[in-house]
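Per-entry structural report
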Amino acid sequence: MKLLHTSDWHLGRAFHRVNMLGAQAEFIGHLVTTVREREVDAVVVSGDVYDRAVPPLAAVELFDDALHRLAALGVPTVMISGNHDSARRLGVGAGLIGRAGIHLRTEPSACGIPVVLTDAHGEVAFYGLPYLEPALVKDEFEVDKAGHEAVLGAAMDRVRADLATRARGTRSVVLAHAFVTGGQASDSERDITVGGVAAVPAGIFDGVDYVALGHLHGCQTLTERVRYSGSPLAYSFSEAGHRKSMWLIDLAADGAVTAERVDCPVPRPLARLRGTLDDLLADPGLSRHEDAWVEATLTDAVRPADPMARLSERFPHTLSLVFAPERAPDDPRASYARRLAGRSDQQIAQDFVAHVRGAGPDEREAAVLREAFDAVRADAAVREVVR
């Protein structure tokens, strides 16, 4: 069975104020063409279909168009909700849409109920594990600790239990939206840390033939059977080095996996430039970036006059301007943002306690801070669900 694995469309998202709907529509067209020309048997979409819980109408219309075009091909599609989606909204009409071969899996309680497709070699069971917010699903999975590993492990127990009841030789595919250990993050993914831990081990998926992951925006191979497709478009300059693609997976009769990357259309290349303003304007080696979307980091000791206007004369698609004079991080003149770069909310809060009190929090106090951050994030997730 030939599968096309994609995720993280983020329909409705902009790139530094640039409307990406046209590029997203071009990707959908490319997806449909790939399904038709490569004779794909099933499409799997591993979450973050939309960029936010209440997407703009234009994004909903594009999603509707994608569903109609996929259904018209007669190729089954299995799709889960991600942490950016409203699971309840995405799942509206799932039963009816399923009759057209588009299978939406947004309910945590249905993790162990597969979509079963058949090819010449027998059945393939597709299990959809939508994004599982630990604080919201711990009761459903009867786990004591509201953590990613606990709830995802319980969901996979249901998958393996169902698989054990099926005919010998039944192949299996799991769709999941999670941060798996070994994956490389970028700046455009929403933090899902719970209790100071975001990642789950890849071994949690043992026992299935292929795991189609979503959440991280870079295409990655964690094992031959566990892969991220990444987002089809870049949504931050941290993705400037990404090759945006989908996975074309050939699932053999014995469950063996063969994978091929299928490149996605690039609306415009990205470039991250760094140096003094005069150097960036004069360097002939930067000519190749004049048509790119540009993030310029200026290292001038003193902020130059009209930097954006001057940069835009040479690089008309400059979208981001950062000032970072060459100073040590502990230099009192270093920017606040630079001093905080790479630090988590928990670390920033603990540093604040140390600054105010003269000593950092002890283990009990650190736990209180961690629980507070988890509660705020869980509350935000609840608010998105009920909006």
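Residues numbered from 1 in each chain as written. Predicted model: local features only at pLDDT ≥ 70, side-chain atom pairs only at ≥ 80, totals over all residues. Heavy atoms only, no water.

What counts is decided by this rule: UniProt positions are given in the numbering used here, feature names are shortened, and annotations may be inferred rather than shown by experiment.
By the naming in an unreviewed UniProt entry, the chain is Nuclease SbcCD subunit D, taken from Streptomyces kebangsaanensis. UniProt, in the comment section headed Subunit (unreviewed entry), describes the chain in these words: "Heterodimer of SbcC and SbcD."

**Focus on the pattern of salt bridges**
Using the following cut-off: What counts as a salt bridge is simple: a side-chain nitrogen of Lys or Arg found within 4 Å of a carboxyl oxygen of Asp or Glu. Only DSSP runs of H or I covering at least 4 residues are called helices, and only runs of E covering at least 2 are called strands; the numbering of each starts at the N terminus. Under the scheme applied here, a residue whose accessible area is under 20% of the maximum for its type counts as buried, over 50% as exposed, and between as partly exposed, the area being computed with a 1.4 Å probe on protein chains only.
Taken as a whole and assessed by the stated rule, the structure comprises 16 salt bridges. Between R160 and D157 there is a salt bridge whose closest N-O contact spans 3.3 Å. Residue R160 and its partner D157 are located together in helix α6 (residues 148–164), separated by three residues, close to a single helical turn. A salt bridge links R225 to D209, with the nearest nitrogen and oxygen atoms 3.8 Å apart. Of the two residues, R225 is situated in the loop between β13 (220–223) and β14 (226–228) and D209 in the loop between β11 (199–200) and β12 (210–214); the sequence distance between them amounts to 16 residues. Residue classification places D209 among the buried residues on the basis of a relative accessible area of 15%.

**Description of the side chain of H177**
Condition: Think of a polar contact as two N or O atoms within 3.5 Å of one another; within protein, one of them needs to be a possible hydrogen donor and the other a possible acceptor, and neighboring residues in sequence only count if both atoms come from side chains. Two residues qualify as a contact provided that any one of their heavy atoms is within 4.5 Å of a heavy atom in the partner residue.
Along the polypeptide, H177 turns up in strand β9 (residues 171–177). From its side chain, H177 meets the backbone oxygen of S46 in a polar contact 2.8 Å long. Among the polar contacts made by the side chain of H177, one reaches the side chain of D48 at a distance of 3.2 Å. Contacts of H177, omitting those with residues within four sequence positions, involve D8, S46, G47, D48, I80, S81, G82, N83, L129, Y131, G214 and H215.

**A few points about the side chain of E239**
Residue placement: E239 occurs in the loop between β14 and β15 (245–251). A polar contact of 3.2 Å, which involves the side chain of E239, links it to the backbone nitrogen of Y235. Contacts of E239, omitting those with residues within four sequence positions, involve S186, S188, H217, S231, L233, A234, K244 and L270.

**Observations concerning empty space enclosed by the protein**
Where empty space is left becomes clear once a probe the size of a water molecule has been rolled over the atoms. Definition in use: In this analysis the probe radius is 1.4 Å and the grid spacing 1 Å, with only protein atoms considered; a cavity is a set of points the probe fits into but cannot get out of, a pocket is an open set with protein on both sides within 12 Å along at least five of seven lines, and lining residues have an atom within 4 Å of a point. Grid points are joined across faces, edges and corners, and a volume is the space filled by probe spheres set on the points. The classification used treats Ala, Val, Leu, Ile, Met, Phe, Trp, Tyr, Cys and Pro as nonpolar, Asp, Glu, Lys and Arg as charged, and all other residues, Gly among them, as polar.
One pass over the structure, following the stated rule, counts one cavity of 30 Å³ or more. Forming the boundary of the largest cavity are 14 residues, of which L132, H148, L152, H177 and A178 lie nearest the centre. Of all the secondary-structure elements, those providing two or more residues to the lining of the largest cavity are α6 and β9. The class makeup of the residues in the lining of the largest cavity is 12 nonpolar, two polar and no charged.

**Structural notes on the sheet that holds strand β16 (residues 257–263)**
Cut-off, in case you're wondering: DSSP bridges decide pairing: two strands pair if at least two such bridges lie between them. Helix axes are fitted to C-alpha atoms over the stretch in contact, other axes to C-alpha atoms as well, and angles between N-to-C directions run from 0 to 180 degrees.
Strand order in this open sheet of six strands is β6-β5-β4-β1-β15-β16, and the pairing throughout is mixed. Pairing within the sheet leaves two strands with one partner each, and these edge strands are β6 (102–105) and β16. Geometrically, the sheet is characterised by an average inter-axis angle of 20 degrees between neighbouring strands, direction not taken into account. Its contacts with the sheet place helix α1 (residues 21–37) against β1 (2–6), β4 (42–46), β15 and β16, and it is angled at close to 170 degrees to β1.

**Some words on unusual backbone geometry**
The backbone of D48 sits at a positive phi, close to 55 degrees, despite the residue not being glycine. D48 sits in the buried class, given a relative accessible area of 1%. For H215, which is not glycine, the phi torsion reads 125 degrees and is therefore positive.

**A short note on the pairing of strand β19 (residues 318–323)**
Spelled out, the test is: Handedness rule for crossovers: strands pointing away from the viewer, path from the first strand over the helix to the second running clockwise, crossover right-handed.
In this structure, strand β18 (residues 293–298) lies alongside β19, joined through five bridges in parallel fashion. The residue of β19 that forms the bridge with L298 is F323. With helix α8 (residues 307–314) bridging β18 and its parallel neighbour β19, the resulting β-α-β unit is right-handed.

**Focus on the packing of aromatic side chains**
Put simply, the test is: Only the six-membered ring of Trp is used, alongside the rings of Phe and Tyr, when aromatic pairs are assigned; centres must lie within 6.5 Å, and planes under 30 degrees apart are stacked while those over 60 apart are edge-to-face, with the rest tilted. Look at NZ for Lys and CZ for Arg. If either is within 6 Å of the ring centre and within 35 degrees of the ring normal, a charge sits over the ring.
Under the counting rule described, the total for this entry stands at four aromatic pairs. Ring geometry for F15 against F237: centres 5.1 Å apart, planes inclined by 55 degrees, an arrangement best described as tilted. Of this pair, F15 sits in strand β2 (residues 14–15) while F237 sits in the loop between β14 and β15, and the two are 222 residues apart along the sequence. According to the relative accessible area criterion, F15 is buried, its value standing at 0%. Through a chain of ring-to-ring contacts, three or more aromatic side chains come together here, namely F15, F237 and W293. Taking the ring centre of W247 as reference, the NZ or CZ of R227 above it sits at 4.5 Å. One Lys or Arg, R303, reaches over the ring of F323 and ends 3.8 Å from the middle of that ring.

**Quick look at α1**
Applied cut-off: One fewer than the residue count of a helix, multiplied by 1.5 Å, yields its expected span.
A rise of 1.5 Å per residue sets the reference length of α1, with its 17 residues, at 24 Å; its end C-alpha atoms lie 24 Å apart and thus fit the reference within 8%. Phi turns positive one or two residues past the end of α1, at E39, with a value near 55 degrees.

**Topic: the sheet that holds β13**
Strand order in the open sheet formed by six strands is β7-β8-β9-β12-β14-β13, with mixed pairing between adjacent strands. The two strands at the open ends of the sheet, each matched to only one other strand, are β7 (115–119) and β13. Pairwise comparison of adjacent strand axes, ignoring direction, gives a mean angle of 20 degrees for this sheet. Here β9 pairs with β12 via five bridges, running parallel. Counterpart to H177 in the pairing with β12 is G214. Taken strand by strand, α6 contacts β8 (122–129) and β9, and its axis lies near 160 degrees from that of β8.

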